[in-house]
Amino acid sequence: MDDELAEARGENTGRKREFHSRTNALDTLKDLDLSGKTYAITGTTSGIGIETARALALKGAHVVMFNRNIVESEKLKKRIEEEKSDAKVDFISCDLNSLQSAKAAADEFLSKHWPLHGLILNAGVFAPTMKFTFDNFESHFGVNHLSQFLLVKELLPALRQSSPSRIVFVSSVSSSHTGLKAEMTRMEKLKKLCPENANEFYYKLYSYSKMCNVLTAFKIHRDEYVSNGISTYAIHPGTMIGTDISRGFGFFGKFWNVISKPFTKSLSQGAATSVYCVAHPDVTELSGKFWESCWDDEKSLDADIARDISLQDELWEHSEGLIDEWLKTQKPISTIGSDSTPSVETVSEENVS
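Our subject in this report is the structure included herewith. (Residues numbered from 1 in each chain as written. Predicted model: local features only at pLDDT ≥ 70, side-chain atom pairs only at ≥ 80, totals over all residues. Heavy atoms only, no water.)

A word on helix α9 (residues 267–279)
In this model α9 runs 18 Å from its N-terminal to its C-terminal C-alpha over 13 residues, within 8% of the 18 Å that 1.5 Å per residue would give. Roughly 30° is the biggest bend found in α9, and it falls at Thr-273. Buried residues dominate α9, accounting for 12 of its 13 residues. What α9 keeps buried is the set Ser-268, Gln-269, Gly-270, Ala-271, Ala-272, Thr-273, Ser-274, Val-275, Tyr-276, Cys-277, Val-278 and Ala-279. For α9, the secondary structure elements touched by its buried residues are β1 (38–42), α2 (48–58), β4 (118–121), β5 (165–170), β6 (230–236) and β7 (289–292). (Helix = DSSP H or I, 4+ residues; strand = E, 2+ residues; numbered from the N terminus. Expected span 1.5 Å × (residues − 1). Bend = angle between axes of the 7 residues up to and from the residue. Buried < 20%, exposed > 50% of the residue type's maximum accessible area, 1.4 Å probe, protein only. Contact = heavy atoms within 4.5 Å.)

What follows is the structure, given as C-alpha cells:
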C-alpha cells in the first residue's frame, strides 16, 4: 500500500521535478512550440484563466475562449495580439449558469470543425450572489460541475478525433473538505455531492462541487485514456489566489485579495499547473492523477472518496440523468412573425467567466 501511495504522489519514480509553486505559466512551456494545437478554455476573462489563455496563445496555440463576457473577452484577445500579432484567439459565448448556453457553445465549437487537443475546465463560482442557476440547480453544483460536465460530454468526439488529447479539471484542495466518509452509502454521498438546495454552508457546497470535478476526471481517465488516448488531470491551482471567484463577497472579497496577495501565488503561478498538464510532453502518461504546483502530489487528496470507482460511475450516471431530464423540458422557439412552419432558434444566455 505504501508503494502504491508513493507512486500516486510521484515518489520513487526516478522523475526529476522541474517546476514548483513559484513557476510562472510561460516558464512551464519554455522551448515548446504549440503551433498547430487547439485548446479550449472556460472562464478566461478574469483570474488564472487570463494567464492560462495568454501563455498558450503566446506559444503559438489556437486558443478558444468559452466566456459570458463579450467585452472582456475582446479585451483579452486584443491584449494577446498586442504581444503576439499573429496570435490565434477565438471566442464562443457560453454562460455556465445555463445548460442551454453550454450546449449551444459546444455545438458552435463542433460546427467549426476545429481540432481539440486540450480542454481546460477553468471557470467556477464560490459563494455566488445567485443561489441557483437558470435551470434551478444549486449554483456551485450547476456551474462548477453540471454545465462543464455537459461541455465535456459534447466535446469528447472532438477530443477523440484529435487524440492524443487532454482534459484539465481545475478543482481545489477544498475537494478534500466535503466531510464525506468512506463508510457512508453511495446514495448518501451522492445526495451530498449533488445538493437540491442551498441550505448548507457555502464552503461545503463549493467543496462538493470540486470533488465532483475530481471524480469526473478520474472516471474519464478510466474510460478514455487507454481506449481513446485522452489524458485527464484534476488540479489545484493554489490557495486563495487573488481571482474574482469570491466576487460574491463584494468589498470583503476584494479586501481579502489585497491583504493576502504577498502570501499567495500570482495569477501566472496559479495558471502554471493547468498549462503544464494540458501541454507539456512530460505528463502525457501521467493521466488520472491529482496535481498541485506542477507535480502529481496527492497528499491533499481525499483518496477514499475520489478513488471510489462506484461513486465515480454513480455521479456520472446521475449527471447524465439530470441532463436528460433537462433536455426533455426544452422546446423549440418559433421565429416571431412567421406564418409558415416555425424555424428553430437557439437562445443564448449570459455566461459565468
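A look at the packing of aromatic side chains
The full count for this structure, using the stated rule, is 11 aromatic pairs. On the basis of an interplanar angle of 75° and a centroid distance of 4.7 Å, the ring pair of Phe-149 and Trp-316 is categorised as edge-to-face. Residue Phe-149 is located in helix α5 (residues 139–161), and its partner Trp-316 is located in helix α11 (residues 309–329); the two are separated by 167 residues in the primary sequence. Classification of Phe-149 by relative accessible area gives buried; the value is 2%. According to the relative accessible area criterion, Trp-316 is buried, its value standing at 12%. On the basis of an interplanar angle of 45° and a centroid distance of 4.4 Å, the ring pair of Phe-201 and Tyr-202 is categorised as tilted. (Phe/Tyr/Trp six-rings, centres within 6.5 Å; stacked < 30°, edge-to-face > 60°.)

A word on the pattern of salt bridges
Going through the model one piece at a time under the given rule, you end up with 20 salt bridges. Its salt-bridge partner being Glu-51, residue Arg-54 comes within 3.1 Å of it at the nearest N-O pair. In this pair, Arg-54 and Glu-51 are both assigned in helix α2, three residues apart and thus about one turn of the helix distant. A residue is classified by how much of its surface remains accessible, and Glu-51, at 11% relative accessible area, is buried. For Lys-103, the salt bridge goes to Asp-107, with nearest N and O atoms at 3.0 Å. Taken as a pair, Lys-103 and Asp-107 lie in helix α4 (residues 99–111) at a separation of four residues, close to a single helical turn. Where salt bridges share partners, they join Glu-51, Arg-54, Arg-79 and Glu-83 into one cluster. (Salt bridge = Lys/Arg side-chain N within 4 Å of Asp/Glu carboxyl O.)

Describing the packing of α2 against helix α3 (residues 70–83)
Where α2 contacts α3, the axes come no closer than 10 Å and their chain directions differ by 35°. When you trace α2 past α3, the crossing you get is right-handed. In contact with Ile-50, Glu-51, Ala-53, Arg-54, Ala-57 and Leu-58 of α2, α3 contributes Leu-76, Arg-79, Ile-80 and Glu-83. Grouping the constituent residues of the contact of α2 with α3 by class yields six nonpolar, no polar and four charged. (Axes fitted to C-alpha atoms, helices over the stretch in contact; angles between N-to-C directions. Left-handed = near helix turned anticlockwise from the far one by under 90°. Nonpolar A, V, L, I, M, F, W, Y, C, P; charged D, E, K, R; others polar.)

Overview of unusual backbone geometry
Leaving glycine out, the prevailing phi sign among residues is negative, and the prevailing peptide bond configuration is trans. The omega torsion across Ser-163 and Pro-164 is 5°, close enough to zero to call that bond cis. Tracing the backbone through its elements, the reader meets Pro-164 in the loop between α5 and β5. Backbone geometry places Asn-136, a non-glycine residue, at a positive phi of 70°. You can see Asn-136 is positioned in the loop between β4 and α5. Accessibility expressed as a relative area gives 56% for Asn-136, which makes it exposed. Unusually for a residue other than glycine, Cys-294 sits at a positive phi of about 60°. Within the secondary structure, Cys-294 sits in the loop between β7 and α10 (303–306). Overall, the relative accessible area of 1% leaves Cys-294 in the buried class.

Any link to function would need more than the numbers given here.
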